[in-house]
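Okay, here's what each chain looks like letter by letter:
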Amino acid sequence: MKIFTIIGARPQFIKASVVSMAIAQKKGLTETIIHTGQHFDSNMSDIFFDQLGIPRPDHQLDIHGGSHGEMTGRMMIEIEQVMLREKPDRVLVYGDTNSTLAGALVAAKLHVPVAHIEAGLRSYNMRMPEEINRIVTDQVSDILFCPTQTAVDNLQREGFSQKPVEILNVGDVMQDSALFFAKRAVAPKGLDQAQGFVLATLHRAENTDDLQRLGAIVNALNEIHQSIAPVVMPLHPRTRSALASAGLKLDVNVIEPVGYLEMIWLLQRAGLVLTDSGGVQKEAFFFNKACVTVRDQTEWVELVTLGANVLVGAQSRSIVNAVTNNLNRAVNDSDQLYGGGQAAVRIADHLLRS
Ligand code: UDP
């Protein structure tokens, strides 16, 4: 079976690393990788292929920038040409980016079955581009690999159990990645003595593109760094340019985006994680750290219910208070909410049978 994997953004490289490994170990499955180019800086793309041993993409489309419609449209045009030439048996897409949507739509229109990894997640906030991408991708997929029971429940509520599709709770491939690469963690340059800091990441459009929210988060981070604990922040390129155009200044330990092995090291040594990232919320949990999430909703509601993740929105005072109350609080991953690291193998097994 010839599988076409379509990826393009940082979290997708991390997710695909373990699934590609599992596919490579299955006789009967071959994988062709298409990199759309959505993320292209070497520290947002190449470093993950190098560090995580992901096979080099067979097709590099180099499409990035522009509006959502333009980017997705250009991706669709080029993905369609490759698919028409290579005739895959199945397409595999991950998560909720424009690359996910473009790959899923092209495949569905060419009647190539689509498997969606990270299916069923919902924030119920239709202003998030990611929410639109998830909903549409789920609608055109015939295998929905869900990471959690919550995701399965979401799909069932939307009537997916009445459709001729398979819904499987395989667990979260990000837990597979975290477990697999944990022992290979490396300190980012100059930080090898760091400990007990607040690890901060920020990149969601709802924060970077809203001046009021961005300003409040920056104020909170500056105050935390000055009077609570040092803040280490690998800065996403989108956030860097949003800060520059808003004339906002972060007075924290800002570093360039790091590789995954460095990110794991930071997660292992942090006293708390502050983020608006989907993936990083769970990684905090995998490494037993409390997480303060600067969003109004999360797709990973089970962590909020468990008390491991505190959803604070984007008000300075709430952010600072949540950090003060949760710094160095250990959380326990004993519930195996995310499948315990077997997701990639389950996915490859199922693809072989499908
Ligand atoms: N990550 C990384 N280097 C960084 C920041 C994040 O390797 O400098 C990893 C992080 O550990 C997680 C993934 O990138 O595995 C999350 O990606 P991102 O926050 O960009 O996207 P989201 O998960 O919100 O879709």
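Note that this is a predicted model, so its numbers are computed, not measured. (Residues numbered from 1 in each chain as written. Predicted model: local features only at pLDDT ≥ 70, side-chain atom pairs only at ≥ 80, totals over all residues. Heavy atoms only, no water.)

Visitor: Looking at this structure, I do not really get the site of the ligand. What am I missing?
Guide: In the vicinity of the ligand, 18 residues are found, and the nearest of them are Val 258, Ser 277, Gly 278, Gly 279 and Glu 283. Here an oxygen atom of the ligand and a side-chain polar atom of His 203 are 3.4 Å apart. In isolation the ligand has 540 Å² of accessible area, and contact with the protein removes 96% of it. Those elements that place two or more of their residues in the shell around the ligand are helix H1 (10-24), helix H11 (260-269) and helix H12 (278-286). (Near = heavy atom within 4 Å. Polar contact = N/O pair within 3.5 Å; in protein donor to acceptor, adjacent residues only side chain to side chain. Areas by Shrake-Rupley, 256 points an atom, 1.4 Å probe, with all protein chains shown as cover. Helix = DSSP H or I, 4+ residues; strand = E, 2+ residues; numbered from the N terminus.)

Visitor: Please explain the sheet that holds strand E10 (residues 253-255) as it appears in this structure.
Guide: Note: strands within a sheet are paired through backbone hydrogen bonds, in either parallel or antiparallel orientation. The strand order across the open sheet formed by six strands is E10-E9-E8-E11-E12-E13, and the pairing between neighbours is parallel. One side of each edge strand has no neighbouring strand; the edge strands of this open sheet are E10 and strand E13 (309-311). For this sheet, the mean inter-axis angle between neighbouring strands, taken without regard to orientation, is 20°. Direction of pairing for strand E8 (residues 198-201) relative to strand E11 (residues 272-275): parallel, over a ladder of four bridges. Following the sheet pairing, Leu 199 is matched in E11 by Val 273. Against the sheet, helix H9 (residues 211-227) touches E8, strand E9 (231-234), E10 and E11, its axis set at about 135° to E9. Sitting on the sheet, H11 touches E8, E9, E10 and E11, and the angle it makes with E8 is about 135°. (Pairing = 2+ DSSP bridges. Axes fitted to C-alpha atoms, helices over the stretch in contact; angles between N-to-C directions. Contact = heavy atoms within 4.5 Å.)

Visitor: Explanation requested: the pairing of E8 in the structure shown.
Guide: Regular strands show a simple pattern: their side chains alternate between the two faces of the sheet. Alternating residues of E8 divide into Val 198 and Ala 200 and Leu 199 and Thr 201, and every residue in both groups is buried. Where E8 and E9 come together, two bridges link them in parallel fashion. Directly across from Val 198, in E9, lies its bridge partner Val 231. (Buried < 20%, exposed > 50% of the residue type's maximum accessible area, 1.4 Å probe, protein only.)

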